[in-house]
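One-letter residues, chain by chain:
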Amino acid sequence: MSDLQSTPVFRTEGLSLGYGPRTAVSDVDLVINPGETTVLIGANGSGKSTLFKGLSRQLPPRSGRIQFRSQDLGQLRPKPYARQVALLPQSPVVPEGLTVAELVARGRHPHRRWWGAPSPGDDEAIARALSMVDLEQLAERPVDELSGGQRQRVWIALVLAQDTPTVLLDEPTAALDLAHQVELLDLMRSLRRPDGSRTTVVAVLHELNLAARVADRVIALKEGGVQAVGTPDEVFTEQTLWEVFDLEAEIVRDPTEGHPVVLPRGRRRAAAEPEGARTEPGESTVEVPVGMEAS
Amino acid sequence: MKAASVQTIRRRQSHRGRLLLASLLIAVLVMMGVRVLLGQYTVTLPDFFRILAGERIPGATFIVMQDKLPRALLGAAAGLAFGMAGALFRTVLRNPLASPDVLGINAGAAAGAVASIYFLGTSGAGVAWAALVGALVAAGLIAAASTSLHAGAGASGIVGERFLLAGIGVGALGQAVVVGVMARLSTQNAQGAAVWTAGSLNSSTWDRLVLVLAVLVVAVPLAVILHRAMEPASLGKELAVGLGSRPGLIQTGTLGVGVLLAAVATASTGPLSFVALLATPIAAALHGGRISVPASGAVGALIVVSADMVGAEMFGDARLPAGVITGAIGAPVMLWLLVKQRRGAQS
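Residues numbered from 1 in each chain as written. Chains lettered and ligands numbered in written order. Predicted model: local features only at pLDDT ≥ 70, side-chain atom pairs only at ≥ 80, totals over all residues.

- You'll find chain A entered in an unreviewed UniProt entry as ABC transporter ATP-binding protein, with Kocuria soli given as the organism.
- For chain A, the Subcellular location (unreviewed entry) comment in UniProt is given as "Cell membrane". (UniProt positions renumbered as here; feature names shortened; annotations may be inferred.)

Given below as structure tokens:
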């Protein structure tokens, strides 16, 4: 028990990953603790998805190593590993003609035998996953007919049906409206294993304020390396956001929940602008839209 | 939501699938019965069973045992193989036009057959073996072309649009070989080769039937298992890996079994055009849009046996080979699929 509680879920040492001649992630040391919600942030192309590919065994390490609960990742068999770690990629493919229930049932694959016979816990896991993302009413609808946000919830249900102690989510809130984004992230935080311990969640999020709200720990990536690690309070500082995103921002505190809130003020210019230049109309500086995506 | 209601939904869906498959199999059996018993030489049902039991009825025994029965059985077996091959290709390549007959497997078989007639002077069962070799060579060429092209893109496996393009190229090559060799064949051989390249059941023999059945006994269960194993792979490579599957391996295996089925069917009947292409969308339409390997096989069998019946009986003395009929139906359907795809009906 104490072993499982204290052993990191993932530990990487000097990890480098890449495609062909290009190295996308280099020399990354990080630790993912059990029971925590860890959020990866970083600009587009900073290596977040590549890191996920490493953790989900799609890219073998070019150098360094990845350990899952003290075992080298390469030594684990695919199906037992899929019963431990679930992955929601950015753009999965909807197969033709499937209903919601049938698609969610595919999350049960690692629990089945090689010829695909249903496993005993299937129906219960599927039912629970469908209710968690509020899709019971749509269970028999073809997935092709659903809206983008509904589809995204189907994919999340599929990952939940996989019923693993650890889930990796690559931009799970894409295509969701704000209310569903908040609902999903709260759901992720509140996931529990049958023994009562929290599910370990690692998520890539672009929406910094939601990240600050749900994360226990934030890992900020820049150009394939780790730029900052810590609690949201430690990572969401004006200095770090400047370094990670080239983003000029103010940090305030959420009056109710106390987490940091990022107020974007603009993208870093070649030369720093004098304070207040932006708010004065008629100045020669270029107007920068407020609320620009951090990505 | 309760587990019981998920179970109810699941049972209802699998019940529908079984019902469809059962009705399709009955339809195939009925059509085979029609093919054997009716037509220009009609056999009564009691006579048919007496012949099966070994009784010799002058004339009838010969026609049933040497022509009509092997013809119906070979048509059904080849149609089953074509239909299942089409469903396997479609599952992996996710394109309604990606069937073995469009992708040069059938053309490769035809090229192998006519080349062996011309260069080696083969006839009969030898032609079937040459066709099998031709189809496998075509598949090897497609695989080699698409993998080497793929290596530069950083992706692995032989799956994707490159496979489609390579397949169309190999198909054109196969057609060129067929046309080139046909121009040089003697008149007598050319006629035999022409009937063969059109695809027909005219030379249905028990030998060929045994060859097809031997492959089907292995390939049919394999196809059903692989289609099941493709379930995670059809969600995209990343999610498939996350689910503990090995998508590259399974996709390659599935295409391999598809090639084997198409090759054997072509070797025994000639390249019956569009059967593989037609069977999958028809079966999917009957099955609520899902791709089903057994249902596609049954539809393929139904198409071939019916086309043979129509070609042999409906045009008086012309007796068109089955491949002409399937081609005549298939070409407009292929155009329709193209139009539908361009409208974005494919997800």
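## Considering the environment of D207 of chain B
Residue and element names in this part refer to chain B.
Stage number 1. Locating D207 in the fold gives a position in helix 8 (residues 206-233).
Stage number 2. By C-beta crowding, D207 is classed as exposed, having 12 other C-beta atoms within 10 Å.
Stage number 3. In this structure the C-alpha to C-alpha distance between D207 and S268, which are 61 residues apart in sequence, comes to 9.5 Å. (Helix = DSSP H or I, 4+ residues; strand = E, 2+ residues; numbered from the N terminus. Buried ≥ 20, exposed ≤ 12 C-beta atoms within 10 Å, placed from the backbone.)

## As for the domain arrangement of chain A
All names here are of chain A.
Stage number 1. Split into domains, chain A comes out as domain 1 (1-84 + 164-245) and domain 2 (95-162).
Stage number 2. Taking only C-alpha atoms into account, the centre of domain 1 sits 24 Å from that of domain 2.
Stage number 3. Looking at the side of domain 1 that touches domain 2, the elements that each hand over two or more residues are helix 3 (78-82) and helix 7 (178-190).
Stage number 4. At three residues, the largest contribution of residues to the side of domain 1 that touches domain 2 is made by helix 7.
Stage number 5. Considered class by class, the residues forming the side of domain 1 that touches domain 2 number eight nonpolar, two polar and three charged. (Domains from an automatic or database assignment. Nonpolar A, V, L, I, M, F, W, Y, C, P; charged D, E, K, R; others polar.)

## Some words on the confidence of the model for chain A
Stage number 1. Considering every residue of chain A, the mean pLDDT works out to 83; 89% of them sit at 70 or more.
Stage number 2. Averaged pLDDT values for the elements of chain A fall to 58 in helix 1 (residues 2-6) of chain A and rise to 93 in strand 8 (residues 200-204) of chain A. (pLDDT = per-residue confidence, 0-100.)

## So, the interface of chain A and chain B
Stage number 1. Counting residues at the interface gives 38 residues for chain A and 30 residues for chain B.
Stage number 2. Of all the secondary structure elements, the ones that give two or more residues to the side of chain A that touches chain B are helix 3, strand 6 (85-88), helix 4 (100-105) and helix 5 (122-132) of chain A.
Stage number 3. Sorting elements by how many residues they give to the side of chain A that touches chain B places helix 5 of chain A first, with six residues.
Stage number 4. The class makeup of the residues in the side of chain A that touches chain B is 20 nonpolar, eight polar and ten charged. (Contact = placed C-beta atoms within 7 Å.)

## So, the sheet that holds strand 9 (residues 217-222) of chain A
All names here are of chain A.
Stage number 1. Strand order in the open sheet made by the six strands is 6-7-8-3-9-10, with mixed pairing throughout. The open sheet is flanked by strand 6 and strand 10 (225-230), the only strands paired with a single partner. Pairs of neighbouring strands in the sheet enclose a mean axial angle of 15°, with direction left out of account.
Stage number 2. Direction of pairing for strand 3 (residues 37-42) relative to strand 8: parallel, over a ladder of four bridges. Pairing of V39 across the sheet is with A203, part of strand 8.
Stage number 3. Helix-sheet contacts for helix 6 (residues 148-162) involve strand 6 and strand 7 (166-170), and the interaxial angle to strand 6 is about 175°. (Pairing = 2+ DSSP bridges. Axes fitted to C-alpha atoms, helices over the stretch in contact; angles between N-to-C directions.)

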